[in-house]
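Here are the chains, one letter per residue:
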Amino acid sequence: MSIFDKFADIRNTLAELSANGQNPLEVRFDEINSPVEGMVGGKRVLLFGTSNYLGLTFDADCIEAGVHMLRESGTGTTGSRIANGTYTGHASLESQLANFYGKRTAMVFSTGYQANLGLISALAGREDHLFIDADSHASIYDACRLSSAEVIRFRHNDADDLARRIARLKDKPGCRIIVTEGIYSMLGDTAPLREIAAVKRESGSYLIVDEAHSMGVLGARGRGQCEAAGVEADVDFVVGTFSKSLGAMGGFAVSDLEGFDLLRVAARPYMFTASLPPSIVATVSAALHRIQKDPSLGARVRANGLRLYRGLQKAGFLLGPQPNPVVAVKMPDRECAVTFWKYLLAEGVYLNLALPPATPGSLALLRSSVNAQHTDEQIDCAIAAITRVGVRLGLIKPAAPDPRVNHPEKLALPAE
Ligand code: PMP
């Protein structure tokens, strides 16, 4: 008997995938050349699964700010802020974030995962009640496990179901805390925040919105779905990550509520882990500056999402419910998804294979995400490759002849 026996099913699945050369965990990027191109097995691939929404990972100003700070302040803080202290960069990034959102206070965490873990587990005490969307990210589910509050799931994006479940508590003591996301990471759908905010107001609950996939993407100023839906005043806490639109690593929460700062000595995932290295803080700060200076980045990623969505929809694929920079193609089953993903990589397009239990409704998905740096040609190239594989696997019918067939270079990958 081994301590790993409990993972027998997972072990068998991985072994099967590896035997067929289909294990996504075995993909090795020889190089990442830009926000949209990399090399796998000596072959150039287009990157369509990075969540690097604004394509800022190679931004010259961000790199310069990071390199400068590496030389100035060293490689790491080697401890938490409660033990090793706050650096000027941490404090100024927090005021920059608070200003960006027009809120009183921001707290920086070492990852977005920890931001949810810290905020939710600290806010929700023993007497309180957490209402989370059934399709919530793992970090929200894990936060619930860390908190001592009662946890109630409501049907995905269903404000009426949420209202019913809150009403059932009647006069029970404790705070009601609703947790939702801006854009959902698997199907790319947005939360009905206007309806959810109305439930929050009527029930006197608190509202947390995780904007991990919508910061920099939605809203006139890039403040996410809360801004796009016009409900910022109703949202008590916005959570986000630096690992997507800001191209780095880390997470944050912002709030207008007096007392929010107390979480610095109550949220264990904030207190008992090393703070972000100054170089990362500097790149994030530069990226946030860039978003504020250049709203065209958000417009570009939204337009790119629409182009990919419309192209795949026209080809006949089943997609998530609405166009956004996350575009999910629904597969009939796991086997087909795995084969599709492998053929696509051979075609030079990398995207994410998303399988249960990480997916809503046990769906097998090919999850792609565009970024602001993708060109129209690259998006069309990805649509053409996905379409070719879809036809080959019998998922869609061959399309009417494409007028560009006389110009195959337009559909080809760039030369290596
Ligand atoms: N929230 C959501 C909705 C996410 O999708 C993710 C990451 N995929 C996180 C939080 C965690 O962010 P991070 O990668 O910064 O830990």
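Keep in mind that this is a model prediction, so the values were computed, not measured.

About the criteria used
- Within each chain, residue numbers correspond to sequence positions counted from 1 in written order.
- Under the rules for a predicted model, residues below a pLDDT of 70 receive no local features and side-chain atom pairs below 80 are neither given nor counted, while totals for whole chains, interfaces and linings still include all residues.
- Side-chain calculation: all heavy atoms of the structure are included, whereas hydrogens and water are not.
- By definition, two strands form a pair when at least two bridges between them are found by DSSP.
- Numbered from the N terminus, helices here are DSSP runs of H or I no shorter than four residues, and strands are runs of E no shorter than two.
- Axes, fitted as lines to C-alpha atoms, cover a helix only where it is in contact. Angles between the N-to-C directions of the axes lie from 0 to 180 degrees.
- Working rule for contacts: check all heavy atoms of both residues, and any pair within 4.5 Å makes them a contact.
- Centres within 6.5 Å make a pair out of two Phe, Tyr or Trp rings, where for Trp the six-membered ring is used; the pair is then stacked when the planes are under 30 degrees apart, edge-to-face when over 60, and tilted otherwise.
- When a residue's accessible area, from a 1.4 Å probe over protein chains only, is under 20% of the maximum for its type it is buried; when over 50% it is exposed; and in between it is partly exposed.
- Source of the domain bounds: an automatic or database domain assignment.
- Accessible area that two parts lose when put together, with a 1.4 Å probe and added across both, is what the buried area reports.
- What counts as a salt bridge is simple: a side-chain nitrogen of Lys or Arg found within 4 Å of a carboxyl oxygen of Asp or Glu.
- Polar contacts, as used here, are pairs of N or O atoms within 3.5 Å; protein pairs need one atom able to donate a hydrogen and one able to accept it. Residues neighboring in sequence count only if both atoms are side-chain atoms.
- Within this scheme, the nonpolar core is defined by two criteria: the residues are buried Ala, Val, Leu, Ile, Met, Phe, Trp, Tyr or Cys, and they are joined through side-chain atoms within 4.5 Å.
- Convention used here: angles under 35 degrees read as roughly parallel, angles over 145 as roughly antiparallel, angles from 65 to 115 as roughly perpendicular, and any remaining angle as oblique.
- We call a crossing left-handed when the near helix sits turned anticlockwise from the far one by less than a right angle, and right-handed when that turn is clockwise.
- For this scheme, ten residues count as nonpolar: Ala, Val, Leu, Ile, Met, Phe, Trp, Tyr, Cys and Pro. Four count as charged, namely Asp, Glu, Lys and Arg, and the remainder, Gly too, count as polar.

1. Some points on the sheet that holds strand S11 (residues 326–331)
Piece 1. Overall, antiparallel pairing links the 3 strands, which are arranged S11-S14-S13 in an open sheet. Each end of this open sheet is capped by a strand with a single partner; those strands are S11 and strand S13 (352–354). Taken over all neighbouring pairs, the strand axes of this sheet differ in orientation by 25 degrees on average, direction set aside.
Piece 2. Examined bridge by bridge, S13 and strand S14 (residues 364–369) share 3 bridges and lie antiparallel to one another. Within the sheet, the bridge partner assigned to Leu353 lies in S14 and is Leu366.
Piece 3. Across the face of the sheet, helix H13 (residues 334–346) comes into contact with S11, S13 and S14 while running at roughly 35 degrees to S14.

2. Focus on the environment of Ile396
Piece 1. Counting through the fold element by element, Ile396 comes out in the segment after helix H14 (376–392).
Piece 2. On a C-alpha basis, the gap between Ile396 and Arg126 in space is 52 Å, while along the polypeptide they are 270 residues apart.
Piece 3. Those residues in contact with Ile396, other than ones at most four positions away along the chain, are Ala315, Gly316, Phe317, Thr387, Gly390 and Val391.

3. Some details on the packing of aromatic side chains
Piece 1. As enumerated under the stated definition, the model contains 8 aromatic pairs in all.
Piece 2. Seen in terms of ring centroids, Phe4 and Phe7 are 6.4 Å apart; in terms of plane orientation they differ by 35 degrees. Their pairing is tilted.
Piece 3. For Phe7, a relative accessible area of 39% translates into the label partly exposed.
Piece 4. Measuring from centroid to centroid gives 5.5 Å for Phe109 and Tyr270, while their planes differ by 75 degrees, and the two rings are edge-to-face. One end of the pair, Phe109, is in strand S4 (residues 105–109); the other, Tyr270, is in helix H10 (residues 268–271), with 161 residues separating them in the sequence. One exposure class covers both Phe109 and Tyr270, and it is buried.
Piece 5. Pairwise contacts between aromatic rings join Phe100, Tyr101, Phe242 and Phe252 into one cluster.

4. Quick notes on the pairing of strand S1 (residues 29–32)
Piece 1. Across 3 bridges, the pairing between S1 and strand S2 (residues 37–40) is antiparallel. Opposite Phe29, over in S2, you have Val40 as the bridge partner.
Piece 2. Between S1 and S2, which pair antiparallel in sequence order, lie 4 residues.

5. So, the domain arrangement of the chain
Piece 1. What the domain assignment reports for the chain is domain 1 (7–47 + 295–392) and domain 2 (58–293).
Piece 2. Taking the mean C-alpha position of each, domain 1 and domain 2 sit 27 Å from one another.
Piece 3. Buried area between domain 1 and domain 2, both sides added, is near 1,600 Å², and the carbon and sulfur share of it is 64%.
Piece 4. Its largest share of buried area at the contact with domain 2, domain 1 owes to Pro295, Val326 and Pro360, together 26% of the area lost on that side.
Piece 5. Scanning the region where domain 1 abuts domain 2 turns up 0 salt bridges.
Piece 6. Run the count over domain 1 and domain 2 and you get 4 residue pairs in polar contact (both at pLDDT 80 or more).
Piece 7. If you list the elements that add at least two residues to the side of domain 1 that touches domain 2, you get helix H12 (296–315), S11 and S14.
Piece 8. Of the residues forming the side of domain 1 that touches domain 2, the biggest block, 4 residues, is contributed by H12.

6. A few points about the nonpolar core
Piece 1. Formed by 90 residues in total, the largest nonpolar core has its most connected members in Phe48, Leu97, Phe242, Leu312 and Phe317.
Piece 2. Formed jointly, this core draws a minimum of three residues from each of two domains, domain 1 (7–47 + 295–392) and domain 2 (58–293).
Piece 3. Setting aside residues up to four positions removed in sequence, Leu97 forms contacts with Ala106, Val108, Met215, Phe242, Phe252, Val254 and Leu288.

7. A few points about the sheet that holds S4
Piece 1. Overall, mixed pairing links the 7 strands, which are arranged S4-S10-S9-S8-S7-S5-S6 in an open sheet. This sheet does not close on itself; its edge strands, each paired only once, are S4 and strand S6 (150–154). Across this sheet, the average inter-strand angle for adjacent strands is 20 degrees, counted without regard to direction.
Piece 2. For strand S7 (residues 176–181) and strand S8 (residues 206–210), the ladder comprises 5 bridges, and the chain directions are parallel.

8. Points about the packing of helix H2 (residues 60–73) against helix H11 (residues 278–293)
Piece 1. Where H2 contacts H11, the axes come no closer than 7 Å and their chain directions differ by 155 degrees. As the angle between them shows, H2 and H11 are arranged roughly antiparallel. Relative to H11, H2 is oriented so that their crossing is right-handed. Here Asp61, Cys62, Ala65, Gly66, Met69, Leu70 and Ser73 of H2 lie close against H11, whose contacting residues are Pro278, Ser279, Ala282, Thr283, Ala286 and Ala287.
Piece 2. In the contact of H2 with H11, the residues fall into 8 nonpolar, 4 polar and 1 charged.

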